[in-house]
Structures are given as C-alpha cells and as structure tokens.
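Letter by letter, the chains look like this.
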Amino acid sequence: MSVFSTGRMLAALPLLALAHPLIAGDTPATASVEAAPAATGWGHPVYDIAPDPAVRFGVLANGMRYAVLKNGTPEDTAVIRFGFDVGYIDESDEELGLAHMLEHMAFNGSKKVPEGEMVKLLERLGLAFGADTNASTGFEDTIYKLDLPRTDAALLDTALMLMRQTASELTIADDAVDRERGVIQSETRTRNNYSLRRIKHWISFVAPDTLFAQRFRADVTEEIIDTAPGEVLRDLYRRYYRPDNAALVVVGDVDPDMVEAKIRAAFGDWAAPATARVEVDKGTLDLARGPAAANFVDPDVQTLVTIDRFAPYVERRPTVAETDEARLVALGTAILDRRLQKIANAPDSPIIGGNASASDFFDIQRAAQVALQAREGEWQRALEVGEQEWRRAVEHGFTEAEVAEQLANFEQRYRDAARQQDTRRNTQLADGILSTARRERLFITPQTTYELFLAQKPRITAAAVSQAFAQHFALSDPLIHVSTKQPIADAQTTILDAWRASAAEPVEPPADTSGQAFAYDDFGAAGTVVDDSIIEDLGVRTIRFANNVRLNLKPTSFEKDKVRFAIRLGSGQLALPRDQMGQAVFLSSVSALGGLGQQGYDELRQVLAGHRLTYGFGAAEDRYATRGATTMADLPLQLRLSAAYFSDPGLRPEMLARWEAIIPPYVAQLDATPQAVARAQVPRILANGNPRFGLPSEEELTSVTLEQTRALVAEQFARAPIEISVVGDFDSDAVIGAVAASFGALPRRAATLEGWDSERVAQFATDRSERVLTHAGASDQALALTYWPTTDDDDAQEEATMQVLALVMRLELLDRIREQLGASYSPAAGSSMSSIYRGFGTFSTSVVVEPEQADEVFAAVDAIVEDFRTAPIDADLLERARTPLLEKIALSRRENGWWLAIIDEAQLRAERLDRVRSYEDRIRAVTPEMLQAAAQRYLDPAQELRIRVIPGEAARQP
C-alpha cells in the first residue's frame, strides 16, 4: 500500500525510473539474521534496526491497521491517510477502470452524507477540494487524503466520520454512478498525453505478461466506464473495502491517546467479512527473453532510450547488513548518474540528460535501468553512451575520487535529515508511514539512518561500491526501449544491431580526477553595515550595507536547521529589450551550466560536494533571482557561490550547447496538448501581442549567443540593486557576516530600482473576437478558455475581492460543469492582477472538454457570470470559498516559504508590506454585494474573450 505508487511516479518522470532507488530502509536481502525478530504493532518483523518509537501502531479486532504520530509541523494541523490494498491490477476484465471510479464515488454519497454534500461540508470547515480533500488510485492501492487545518475535536470527529463512511457506508447509487461517468472520462482525456502513452508502451514491452501492463490505466475503455452497472461497482467495493485490507494513518499536533480512542470508537464496529482476502497473481517477467528492443513513436515525444535488465526477486528484510549493501548500490548508481550528467554537459554530447536506477519492479523482479534523453535524431549514439557507461561501471568500477564525492553528498543528506527530523512535515510523515503498510518495511527515523551510515562509512571503499554495483547491475540481457518522433526502420533489428556494435567496443577504465579548491572564497574587504532596523509587527530585521546591498532576516522555528534564502538583483526581463525575451528563457533554463569564470559547472559540483547548494539564477519578469534552501552551516558558501554567479558568470560554451540541444524537443512539444498550446500562445494574445508575454518564437530561442547574453546582463549585474532575504533557523550575526564577506564586498550598487516606465505598458487584447487555436494531441481533447480584462493590483481590497470571486467561480464551475454536466474533471478559474504592468489584469476560466462540448461549457460559464452580475452571490457559497482561504492564510504564516516571498522586497518595495498586515481583513471584508459589484464591473459579456484550443489535422486518436 505504497503512497509512492509506481504508476503515478512513472507518469511524472521525464526519464523513466522504476520504483524507488535503493537507499537506507529499502534494502536487498543478502544477509541472514539468526535471532528471532521482534515485531511492530503492525506485525512487521524487527531485526537489528529499531523502528521509530514515536509512531503508535495498532490493529483493531476486525483487522484494520492504524498508526498515530504526534508531530507539530505545521503547528495545530493534522493529516489523515486512509489506504486500501486495491488498484488497477485487482480489477477483472469487466471492471477495467472501476477501482478509480469507485474512488470518485466516495465523494458522491454515503449513509450519513448525501450526494453532493461531503465536499460542501468540508469547505465549510475550511478544507478546499483538491488541495486538502483528495484521493488517488494506483496500480496496487487507493488512498483517501484529508489535510486538516485545525486539530479541534469536532473537526477530527468529522474527518474520521467521513473516513468511516468511506470504509463501508458508501451508497454508490445508480443515478450517482451515471452522473460520475463523464467526470471519469474527462479525467482520462485530460491525462492522455504522449508521456503517458509512452509509459504504457514501455511497460507493455518490458512486462507484457504482468497485470501492470494488462491493467494500465490508459487501457481503460469508454465502454466499461460508460455502461458498467452500479451493482458491479458495489461488488468491487464489498470485495476490497474491508478492514483487513485497510490502514489508517493520523499524523499531526494531536494527543495520540485521544486519537487512538476516536479511531477505535469510529472503526471498531466495521465488520470483518467471513471470506478470505482476494489475492491476485501479478505475473512475472521472462528473464531469458532478451536481448529485445521496441520503438515507441509519437510526434511530440523526446528522443529517449531506456535500457532495462532484470533478475529474480529476493524478499528484502530491514537489517543492518542489507541496508549497508543497499547503500553501496545506491552510491554506485549515483556515480553512474554523475558520469552521465558530465557527458550530457559536454559540447558535442549526443545526450541531453541521463540517469541510472536500481530498484524492484513491483516486488516481482529486481531491476536496473539506464535512461537517457538524446538529442533529436541521436538515439543510436545515446544508446552507445548508455551501453558503454553501464558496461564501464560494471567492468571497471569506480574511482576513489568518485566515491568520495558521492559519499560527501550522501553524508550531507543524511546529516541534514537527522538534524531536521523534529520539524518534518505531517504530510511527509503520514505518506511515509502508510508506504510501509503492505510491503512490511520499517518506518525509521532520519537519525537512525544517519547512525547506520556513520557506522558503515569507514568500510565504504571504491572496491566495495564497485562490487555491490556490479552484482546488482549485471543482470539479464537488456530490454531496450527507444522513443522517437519518426519510426525506426525494422526497429528491433536496427536497435539490437546498434547495441551489439556498441557492446563489441572495448571500454577503458575511468580516469581518476581530483577536485580543486573553490576559487571564490575572497571577494575583498567585507562590507560594513550602515543601517540596521526592525519591522516590529512582522519580526523582520532589515539591514543595508555601505555598498547598498540589502539584507532581510526573519528568524523562525518552523523548520529546524533549515534556512531558506532569496537573492534578487535588478529588474530582470524589464531590463532586456522586447525583442530579446529568448535570452530570458535561456538564462532561466541553463544558467547553472554556465558555471563561473574560473570554474565550470561539473568542476563546481565535485569541488563543492557534501554541501546543500543552489546553482545558477533565473531571469524573472522584474528581477534576476535565485532562491533555495540550505543549512546555516552551508549558507556562507551558498552566498559566495551566488555572489560569484552574479559577479563572474561563466556563460560557458557548454551552456549554449545544452541549450541548442534542448530547443528542438522543447519546441516540438508546444502543440502536444491543449494546455501546452495555451501556455505558449494565449498570454501574448491576451496582452495584445506584447512580446514580453508568452513564449518567444523558435527563431528568437535559437538566435541566442553567449556574447549577446554577456552584453545584455553586464550593466545590471555590475550596478543594479541587490536584496537578500533569509528565513528560518539561523544565527543572525553569522548571516550578516557571511553577506558582508560576499555580496557586501561587491562594488557599490544603485540605491533604488529603475522605473522602466516605458516597459511596464501592457494592454488587453483589443480584438475580442473568438480565437481558435489547434493542438496535435489526442483528438478527444479541447480547452475552453474565457477571459475578461481587469486591472493591476494597486487597490489591495479590489485584488482580494477578485481573488475571492475566482474561488467562488471555481466552486460554481465544479458544481455546474463537473457535477451537473459531467463535462470536465477539473474546471478552473483565476484572477491575475499584475504588480508589474500598469492597468493590466485578467479574470479567467479554463475547462478541458471534448471538442463538441466546448459550446455547452461556454454557455455554462456565461450563465454563471450572468447570475453573479444579477444578484448578490449566495452567502453559503461565499463562505465555502472564503473559509478554506482563510485557513490557508493562517497556515501560510507558519511556513518559511510564505515569509520568504513576503519579505524578499521588504526594502526595495517596502510599501507592499501593508498587504501582509491587512490580508485576512481584506478577505473577511468581502461581501456578496461586493462580489456582485466586481462581477458587474469586470465580467462584462461585451468584454469577454473566448479562446478554444481544438484538435488539428495532426491530432491523434486517444
């Protein structure tokens, strides 16, 4: 019952990886332990590694497992995860897709909560649908999720009541099932893109005889979803929603005794069925099948090469010996990753990126994989890189320098996690605990993991890492999957011939290299502080150095031993000519790879191994910026690194080479889905053709040169204002000293930002006639977009009112378009009022639909707008929109990330701090009459601009 469902994870990765990499706590069996094991409260055996003693595990008499953990991050909140051991692979041929449909039915009526009322009930209590109230279905599990903004007894009782209703009290009424069919189809359409189709093709190639290939969600048939009787869903529900097939996890700022008592009271009467649990045969892989190859073809797919090898599955146990062995494999895998990254960074490289993974394939086979993204048309050379680097690692192992680099990185991650374990987040903890339910793994503390590493560290050598890696990666003959835009002639033969030719070439041992020292430890005389003051009500300290560099400090206890930072310089894209927006994308995409004047990116990675650092910077609309998270120990080094990127950027040829390799696959995907077309083209349409909006043309992107880039950024980097903000657990004097020694030592900066008045002009589209754009994705996908012009965000109350209006609009869209029409899975609404461009703002709706339903959706949107303009908005609807927002704001004030965004211009744009002080008051001030007035002011039908994105001639059948 892993929340890290392999199916969901694969869909999110651009380069395919299998399950988890092998790390501490997720280990292969190599050792035998004689002593009789103890067990956790869930009956999981405990050998010589102690589980987290703070987690209270239990099993009810009916077989339901539960776990409770008291945790205070975020303060006064809790999360609930309710998992069932049922997913796609548990469906029969007549039930394809119904496990997912059953998940939807949990929100559509139970014995205590009528259809349509569950989400409204939660909204009134402060939980937003989608953000705080959600569920997911994977290959092997279904998980229900509630994130509670408070931990009062009444809200906990309601949350557990809803989970109890889900357990056995769903009505799954026939008419409710019928109404949900369109929503399911819409969700399937929305997610049907080239990436998902590629994964489906890959898993069918490597594992054709497993249920994971045969029950892949992309195989869900419209016929079953559209026609399956309610009784079929009810039968599936009865078979799998049973206490001995479920686990409930509660993590938060709660009393474990109180929560455990509530769980027992709520779920103790859930009857255990007399029949045994249903087990399925997942299938297996033919280890003698290879070598074999396959070619996936799609006009939008990146050129990808994956090489997979498999071996018999070995049950793994959480022992010190097996954890140590797994860590050696993980170190070797990380080294192979770095080798592939270095190759990708070379100017003449055939690959854009690559990674290696060592894992289990759904607990039925051991697996190893190398995945590479090739330059367009370079699949064969990419295959050679993958084959030869895999073989080089297995045959010749790793150097001491390579092991030392990754050992430092591993130690940094283990050490930081251990130091920060007392402020781990509820969600992270709950998901981690639930992930152990089915596979009988232990949930251990980061401190335990760190101690295990320290005990093993003296024995970790290049020879040990090489041997462990070779044993895991020298598996069956390869299965090679190549994705291309055009078919490979006689694909299997051609691909295997390329592999055999590469395999015939000898590979040399890797060169043993040693890193230099970091070249930017001395920026000159440290800067002096000339102004130091406190913004008392916000708890923010503001400092200005003699060179006009500014520093803002907000100490908090929200994240132990973690520091979040933001560095903003100058005016970003505003300082670039309008015809040079390609430079902004270039800098934001690959600036890290440009390295520094004295050291390249790969050398920096080796020299700075063992530190948590952020490399490079981005070119945002009104600033050049870098932001990230580190520790107090590493913050001085981070500041020196960032100061070097801004004062001596390398802008090296490898940066341009990577850029030139990225552009072709990037451009090819701009019409791959309706959403991609909208992102690329709609912003410029809305801004009346202003080149500062939307994506630059391919010609602009390909015309970038390093010389031009250097000239464009030189003035800003040399003189523009710099403001640095630091939030979290830090030593203020040490931070001030570190800034003084780095940014404070730079030449004098301008005291204020330039106005760039001529560049802050933007106008909403003057032509309001409907636009029709086309995409080349699935033929059953369209996007119905509606926009109205508003204004900028100068009026803080107006901005808050429009924000609430957008939330109210979303709730109405969900009700009328999702629930009543069944036309779209997740309709959206938004208000965007610019803080950069004067007088410019938009209010919008966005709905993914079937092409023939677009007119119906546009009509529904217009009907909602007419209702909003005609009469004050329903008070209950307003509260259901406002209450979750207020809870979110309250929670945000306990988040370092929120504070960082708030104070990152506390000096250069100090006037905006008043918005922080009045935020909740402005939201509370919104009335139904104010929303009506805003709708009348801005949502004028005569000002409406419709944009529909429909399938073009090149669109593919779903």
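Rules of the game
Residues numbered from 1 in each chain as written. Predicted model: local features only at pLDDT ≥ 70, side-chain atom pairs only at ≥ 80, totals over all residues. Heavy atoms only, no water. Helix = DSSP H or I, 4+ residues; strand = E, 2+ residues; numbered from the N terminus. Rg over C-alpha atoms; globule rule 2.2 N^0.38 Å. Buried < 20%, exposed > 50% of the residue type's maximum accessible area, 1.4 Å probe, protein only. Contact = heavy atoms within 4.5 Å. Lys, Arg positive; Asp, Glu negative; His and termini not counted. Charge placed at Lys NZ, Arg CZ, Asp CG, Glu CD. Phe/Tyr/Trp six-rings, centres within 6.5 Å; stacked < 30°, edge-to-face > 60°. Lys NZ or Arg CZ within 6 Å of the ring centre and 35° of its normal. Pairing = 2+ DSSP bridges. Axes fitted to C-alpha atoms, helices over the stretch in contact; angles between N-to-C directions. Salt bridge = Lys/Arg side-chain N within 4 Å of Asp/Glu carboxyl O. Polar contact = N/O pair within 3.5 Å; in protein donor to acceptor, adjacent residues only side chain to side chain. Parallel < 35°, antiparallel > 145°, perpendicular 65-115°, else oblique. Nonpolar A, V, L, I, M, F, W, Y, C, P; charged D, E, K, R; others polar. Left-handed = near helix turned anticlockwise from the far one by under 90°. Expected span 1.5 Å × (residues − 1). Core = buried A, V, L, I, M, F, W, Y, C linked by side-chain atoms within 4.5 Å. pLDDT = per-residue confidence, 0-100.

A. Structural context of the overall build of the protein. For the protein, the helix and strand inventory stands at 31 helices and 25 strands. A compact globule built from 958 residues should have a C-alpha radius of gyration of about 30 Å, and the protein, at 28 Å, falls within 12% of that. Overall size of the protein, expressed as C-alpha extent along the three principal axes, is 70 × 70 × 60 Å. By residue count, 60% of the 958 residues in the protein fall in the buried class. Long-range contacts, defined as pairs at least 24 residues apart, comprise 84% of the intrachain contacts of the protein with a sequence gap of at least 6. Here the protein carries 100 positive and 140 negative side-chain charges, and the mean point of each set is 3 Å from the other.

B. Expanded view of the packing of aromatic side chains. Counted by the stated rule, this structure contains 38 aromatic pairs. By the ring-pair criterion, three or more aromatic residues cluster together here, those being Tyr88, Phe139, Trp202, Phe212, Phe216, Phe310, Phe361 and Phe362. Just above the ring of tryptophan 899 sits the side chain of lysine 554; from NZ or CZ to the centre is 4.2 Å.

C. Region of interest: the sheet that holds strand β14 (residues 529–535). Judged by pairing direction, the sheet is mixed, and its 7 strands sit side by side in the order β14-β15-β16-β20-β17-β19-β18 without closing on themselves. Edge strands, defined here as strands with exactly one partner in the open sheet, are β14 and β18 (618–620). The mean angle between the axes of side-by-side strands here comes to 20°, regardless of whether they run parallel or antiparallel. Bridging between strand β17 (residues 563–569) and strand β19 (residues 623–630) involves 7 bridges; their strand directions are antiparallel. Bridge pairing links arginine 564 to alanine 629 in β19. Along the sheet face, helix α20 (residues 635–647) touches β17, β19 and β20 (722–728) and points at about 20° away from the line of β17.

D. Here's a closer look at the environment of phenylalanine 717. Its location among the elements puts phenylalanine 717 in helix α24 (residues 706–719). For the pair phenylalanine 717 and phenylalanine 558, spaced 159 residues apart in the sequence, the C-alpha separation amounts to 33 Å. Once residues within four sequence positions are removed from consideration, phenylalanine 717 is found in contact with Leu569, Phe617, Tyr624, Tyr645, Phe646, Pro649 and Arg749.

E. Here's a closer look at the pattern of salt bridges. Tallied over the entire structure, the rule returns 78 salt bridges. Its salt-bridge partner being glutamate 115, residue arginine 179 comes within 2.4 Å of it at the nearest N-O pair. Taken as a pair, arginine 179 in helix α5 (residues 174–191) and glutamate 115 in the loop between α2 (98–105) and α3 (118–124) lie far apart in primary sequence, 64 residues in all. A relative accessible area of 36% places arginine 179 in the partly exposed class. Among the ionic pairs, glutamate 322 bridges to arginine 317, the shortest N-O distance being 3.6 Å. It is possible to trace a salt-bridge network through shared partners that takes in Arg568, Asp622, Arg623, Arg627, Asp904, Glu905 and Arg909.

F. Broad picture of the side chain of aspartate 308. Within the fold, aspartate 308 resides in strand β10 (residues 304–312). There is no salt bridge for the buried aspartate 308, and the closest opposite charge comes from arginine 198, which lies 7.7 Å off by N-O distance. Within polar-contact distance, the side chain of aspartate 308 engages the side chain of glutamine 369 at 2.8 Å.

G. Just the packing of α2 against helix α9 (residues 230–240), in detail. Between α2 and α9, the least distance of the axes is 10 Å, while the angle of their chain directions is 90°. Here α9 runs roughly perpendicular to α2, going by the angle between their axes. Here Leu98, Ala99, Met101, Leu102 and Met105 of α2 lie close against α9, whose contacting residues are Val232, Leu233, Leu236 and Tyr237. Among the residues forming the contact of α2 with α9, the class breakdown is 9 nonpolar, no polar and no charged.

H. Quick look at the pairing of strand β25 (residues 945–951). With 5 of its 7 residues buried, β25 lies for the most part within the structure. Bridge count for strand β21 (residues 771–775) against β25 is 5 bridges, and the pairing is parallel. Following the sheet pairing, threonine 774 is matched in β25 by isoleucine 950. Pairing analysis gives 5 bridges linking strand β22 (residues 782–789) to β25, with the strands arranged antiparallel. Paired with threonine 786 across the strands is arginine 946, a residue of β25.

I. Representation of the sheet that holds strand β8 (residues 246–252) in the model. Strand order in this open sheet of 6 strands is β3-β4-β8-β5-β7-β6, and the pairing throughout is mixed. Looking at strand neighbours, the two that pair on one side only are β3 (56–59) and β6 (133–137), the edges of this open sheet. If you compare each strand with its neighbour and ignore which way they point, the axes differ by 15° on average. In this sheet, β8 lies alongside strand β4 (residues 65–70) in parallel orientation, the contact comprising 6 bridges. Across the sheet, the residue bridging to arginine 65 is alanine 247, located in β8. Contacting β3, β4, β5 (78–84) and β8, helix α10 (residues 256–267) crosses the sheet at an angle of about 155° to β4.

J. Representation of the packing of helix α12 (residues 379–396) against helix α17 (residues 491–503) within the structure. Closest axis-to-axis distance for the α12/α17 pair is 9 Å, and the angle between their directions is 45°. Taken together, α12 and α17 sit at an angle that is classed as oblique. Regarding α12 and α17, the two cross each other, and that crossing is right-handed. From α12, Trp379, Gln380, Leu383, Glu384, Glu387, Gln388 and Arg391 reach across to α17, where they touch Thr494, Ile495, Ala498, Trp499, Ser502 and Ala503.

K. Examining helix α13 (residues 400–419) more closely. Between the first and last C-alpha of α13 there are 28 Å, a value that for 20 residues agrees with the 28 Å anticipated at 1.5 Å per step. Taken across its 20 residues, α13 has 14 buried, putting it largely inside the fold.

L. Seen up close, unusual backbone geometry. Cis rather than trans, the peptide bond between threonine 73 and proline 74 has omega equal to -5°. Positionally, proline 74 belongs in the loop between β4 and β5. In this chain, glycine 290 is followed by proline 291 through a cis amide linkage whose omega measures 0°. Here proline 291 shows up in the loop between α10 and β9 (292–297). Positioned with a positive phi, aspartate 363 is a non-glycine residue whose angle comes to about 60°. Residue placement: aspartate 363 occurs in the loop between β11 (351–361) and β12 (365–374).

M. Looking closely at the environment of proline 851. Tracing the backbone through its elements, the reader meets proline 851 in the loop between β24 (841–849) and α27 (854–870). The partly exposed category is assigned to proline 851, whose relative accessible area is 23%. In the structure, proline 851 is positioned 304 residues away from asparagine 547 in sequence and 58 Å away in space, judged by C-alpha atoms. Leaving out residues up to four positions away in the same chain, proline 851 has contacts with Ser779, Asp780, Gln781, Ala782 and Pro951.

N. A look at the environment of aspartate 532. Looking at where aspartate 532 falls in the secondary structure, it is placed in strand β14. With a relative accessible area of 39%, aspartate 532 lands in the partly exposed category. Counting along the chain gives 12 residues from aspartate 532 to arginine 544, while the straight-line C-alpha distance between them is 6.6 Å. For aspartate 532, the side chain forms a polar contact with the side chain of arginine 541, separated by 2.6 Å.

O. Expanded view of the nonpolar core. Core analysis: the largest hydrophobic core is formed by 97 residues, its most contacted members being Met64, Phe82, Ile263 and Phe267. A total of 11 residues in this core trace back to one element, the largest contributor, which is helix α26 (residues 796–820). Not counting the four nearest positions on each side in its chain, phenylalanine 82 is found in contact with Met64, Thr142, Ile143, Tyr144, Met163, Ala167, Ala246, Ala247, Leu248, Phe267 and Trp270.

P. Inspection of the pairing of β5 at higher detail. With 7 of 7 residues buried, β5 is to be regarded as a mostly interior element. A two-sided burial pattern is seen for β5, the buried positions comprising Ala78, Ile80, Phe82 and Phe84 on one face and Val79, Arg81 and Gly83 on the other. Pairing analysis gives 7 bridges linking β5 to β8, with the strands arranged antiparallel. Bridging across to β8, glycine 83 finds its partner in alanine 247.

Q. Quick look at α2. Across the 8 residues that make up α2, a large majority, 8, are buried. Listed as buried for α2 are Leu98, Ala99, His100, Met101, Leu102, Glu103, His104 and Met105. On its buried face, α2 sits against β6, β7 (142–148), α5, α8 (222–227), α9 and α26.

R. Seen up close, the confidence of the model for the protein. Across the protein, the average pLDDT comes to 93, with 95% of residues at or above 70. pLDDT under 50 marks residues 1–35. Its contacts with residues more than four places away, or in other chains, come to 127 contacts.

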